[in-house]
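Residue-level listing of the chains:
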Amino acid sequence: MASGVHAAAEGVAALGISAEWAEPCPALRRNLHLLSHDQVELAKMLLNEGQGHLFEHWPEPGVHDDKKKNFFDQVSRLNSSYPGGLAAYIQNAKKLLADSKAGQNPYDGFTPSVPSGEALTFGDENFVSLEAAGVKEARNAAFVLVAGGLGERLGYKGIKVALPRETTTGKCFLQHYIESILALQEASCKMEGECHTKIPFAIMTSDDTNALTIKLLESNSYFGMEPSQVKILKQEKVACLADNDARFALDPNDKYKIQTKPHGHGDVHSLLYSSGLLEQWKNTGRRWVLFFQDTNGLLFNAIPSALGVSATKGYNVNSLAVPRKAKEAIGGITKLTHADGRTMVINVEYNQLDPLLRATGHPDGDANCETGYSPYPGNINQLILELGPYSEELKKTHGAISEFVNPKYTDSTKTAFKSSTRLECMMQDYPKTLPPTAKVGFTVMDAWLAYAPVKNNPEDAAKVPKGNPFHSATSGEMAIYRANSLILRKAGAQISDPVVSTFNGQEVEVWPRVTWSPRWGLTFKDVKRKVHGNSSVSQRSVLVINGRNVVIDGLSLDGALIVNSVDEAEVKVTGHVENKGWTIQHVDHRDTSEMEETRIRGFKFEKVEQLEVNYTEPGKHCLSP
């Protein structure tokens, strides 16, 4: 044994490394000669930061040497993917864990007030002009989709962006997002005259979603987008913490691995910074970066006007928001002013907003005002950032975002955890680090137009208190039909009132099943231009429009009508269309004979009868049954 230790020490000496620093950890010291110079430096850092326990079980050299080297490969990855490296992660963790144990209030010294922002009314003159301004700006924008999650919480094993957004066409969320960006690109360039701008699109994936996202894109030819427009940024996980001293937890299944968990969608900022994409976008004249999450099927109804607000108001940060009821389980956008004069406009989680208001002179806490809603609008995690100031800010922080820790303690002494924890960060916390000179605002739009996320499984959705949104696959799809029906109504069509039905224990309004491709109705002005005469759609009807130049003029629809047309065709749809249409069949979410994406909705369409027309030739056409 002694000669083995002697040989190891000689090997270390030959590398020109003094191993005195490793004295407190004999198991590591015996294995040092196996490591490269960079790995030795990482080992030194781990010991300095109180992580010697990671090596205590290491056997003699010659036993599991490959696993020891693999351990350092993982440490190297964790070190390089965190701004400031693992030493910074450990220091941040120690501080946050100490604050958590002490019950420190993150908003201590801050007073909340209502921030300034824009509240839009769909379809009025202001809305229409802001939409036009936003479409014009779109060619100067880049889009970032945060898509690190699987659909397990929904009762769906695949990636969430592969779920059908709605089932009249079956188009998945990712297809809808790409088609919407391409429609914006085309419309924006048209306003410029001759313009060949390609709007960049970055997607943040995770270990769970990366391969599946790439496969979805490649197997569908990127849904019409040029592959060079799309950049995939994969986020790494972060080390788990076993105790209040921020000692790393070893993987219970492999003692040569550190246990890891997701760090949160705030990683998108450090990935954009470290990838060099922000500089690249800036150098090609981009002015805006739009962030959005994976399953809000209504989002692109809001983007043109919200981008118009950013451009006309000069906002460095613009958070999209919806009206929220007081105490509703959605974060509120709040201006916080510190006793020392610091201010910031950020999302405050609903369970923190009410006590914060009560503690600062508002005895009713978070209460509805004369509008019937809380004066603190609901954050929907869609951000528009001005690229110049954003890029400069990230140069200072290297993309690091304000973090938090949420340990589950075994008891009130807060000395031990039920299970390992980790630091987390959220995309919307970016404004926390901004100087008071930053222009931070928000844009509020009606929830029916802009917000219908799909995140709850049928069982959880059915337990939601009456009157609160279900945020399920059922409500998400029905919200799309509702929004499209209301937009058509506003454009002058007669759309029948909905009926109420219950699917998977959720009572929802069932409107006519109206869908269209983004190129047909990108803005309200587009829709208004294409809906003429005294057109009507009955409640049981299905109307699908796939084509750019389709005009609805005096159509009376009672049944199912699908219109497909090439770009060069101009189609006028008129007259009376009546058939047996599509019926809605109830599906039980426990019925394993149905596909997961059907079960989580609680319904499917039986296509009894329909009129489907295809216009493949250029020129003017008229559908008049």
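Bear in mind the structure is a predicted one, so any value in this text is a computation, not a measurement.

**Things to note about the side chain of His471**
Argument step 1. You can see His471 is positioned in the loop between α15 (458-462) and α16 (473-490).
Argument step 2. Excluding residues that lie within four positions of it along the chain, His471 makes contacts with Tyr451, Pro453, Val454, Lys455 and Asn456.

**Side note on the sheet that holds strand β30 (residues 611-615)**
Argument step 1. As summarised here, the arrangement of the four strands in space is β21-β24-β26-β30, forming an open sheet in which the pairing is parallel. At either end of the open sheet lies a strand with only one pairing partner, and these are β21 (513-516) and β30. Ignoring strand direction, the axes of neighbouring strands in this sheet form an average angle of 5°.

**Quick notes on the packing of helix α3 (residues 37-48) against helix α4 (residues 65-80)**
Argument step 1. Direction vectors running N to C along α3 and α4 enclose 75°, while the axes themselves pass 10 Å from each other. As far as their axial angle goes, α4 and α3 are roughly perpendicular. Of the residues in α4, those in contact with Gln39, Leu42, Ala43, Met45 and Leu46 of α3 are Lys69, Phe71, Phe72, Asp73, Val75, Ser76 and Asn79.
Argument step 2. Of the residues belonging to the contact of α3 with α4, the class tally is seven nonpolar, three polar and two charged.

**Brief notes about the packing of aromatic side chains**
Argument step 1. Applying the stated criterion across every chain yields a total of 26 aromatic pairs.
Argument step 2. With a centroid separation of 5.4 Å and an interplanar angle of 80°, the aromatic rings of Phe122 and Trp448 are classed as edge-to-face. With Phe122 in the loop between β2 (118-119) and α6 (125-137) and Trp448 in helix α14 (residues 447-450), this pair connects stretches of sequence that are 326 residues apart.
Argument step 3. Ring pairs connect the aromatic residues Phe143, Phe173, Tyr177, Phe201, Phe292 and Phe300, which therefore count as one cluster.
Argument step 4. Between Lys325 and the ring centre of Tyr373, over which it is positioned, the NZ or CZ distance is 4.7 Å.

**Digging into empty space enclosed by the protein**
Argument step 1. Per the counting criterion, the structure on display carries seven cavities of 30 Å³ or more.
Argument step 2. Considering only enclosed or pocket space, the largest cavity measures out at about 140 Å³ in volume.
Argument step 3. What lines the largest cavity is Arg165, His176, Ser180, Phe300, Asn301, Asn484, Trp516, Pro518, Gly521 and Leu522.
Argument step 4. For the lining of the largest cavity, the domains that each give at least three residues are domain 2 (123-320 + 381-455) and domain 3 (487-623).

**Focus: the environment of Tyr376**
Argument step 1. Here Tyr376 lies in the loop between α12 (350-359) and β14 (378-386).
Argument step 2. On the accessibility criterion, Tyr376 (5% relative accessible area) is buried.
Argument step 3. Sequence-wise, Tyr376 and Ile562 are 186 residues apart; in three dimensions their C-alpha atoms are separated by 42 Å.
Argument step 4. Sequence-distant contacts of Tyr376, that is, excluding residues within four places in its chain, are made with Pro112, Ser113, Val114, Arg324, Gly332, Ile333, Thr334, Leu353, Leu357 and Asp366.

**Topic: the domain arrangement of the protein chain**
Reports of interface size often rely on the accessible area that becomes lost once the parts have come together.
Argument step 1. Once the domains are mapped, the protein chain shows domain 1 (1-81), domain 2 (123-320 + 381-455) and domain 3 (487-623).
Argument step 2. Of note, the centres of domain 1 and domain 2, computed from C-alpha atoms alone, are 39 Å apart.
Argument step 3. Taken together, the contacts link 17 residues of domain 1 with 13 residues of domain 2.
Argument step 4. Contact between domain 1 and domain 2 buries roughly 1300 Å² in total, counting both sides, with carbon and sulfur atoms accounting for 62%.
Argument step 5. If you look at where domain 1 meets domain 2, you find zero salt bridges.
Argument step 6. Run the count over domain 1 and domain 2 and you get six residue pairs in polar contact (both at pLDDT 80 or more).

Definitions and limits used
- Residues numbered from 1 in each chain as written.
- Predicted model: local features only at pLDDT ≥ 70, side-chain atom pairs only at ≥ 80, totals over all residues.
- Heavy atoms only, no water.
- Helix = DSSP H or I, 4+ residues; strand = E, 2+ residues; numbered from the N terminus.
- Contact = heavy atoms within 4.5 Å.
- Pairing = 2+ DSSP bridges.
- Axes fitted to C-alpha atoms, helices over the stretch in contact; angles between N-to-C directions.
- Parallel < 35°, antiparallel > 145°, perpendicular 65-115°, else oblique.
- Nonpolar A, V, L, I, M, F, W, Y, C, P; charged D, E, K, R; others polar.
- Phe/Tyr/Trp six-rings, centres within 6.5 Å; stacked < 30°, edge-to-face > 60°.
- Lys NZ or Arg CZ within 6 Å of the ring centre and 35° of its normal.
- 1 Å grid on protein atoms, 1.4 Å probe; cavity = no way out; pocket = protein on both sides within 12 Å on 5 of 7 lines; lining within 4 Å.
- Points joined across faces, edges and corners; volume = space filled by probe spheres on them.
- Domains from an automatic or database assignment.
- Buried < 20%, exposed > 50% of the residue type's maximum accessible area, 1.4 Å probe, protein only.
- Buried area = accessible area lost by both parts, 1.4 Å probe.
- Salt bridge = Lys/Arg side-chain N within 4 Å of Asp/Glu carboxyl O.
- Polar contact = N/O pair within 3.5 Å; in protein donor to acceptor, adjacent residues only side chain to side chain.

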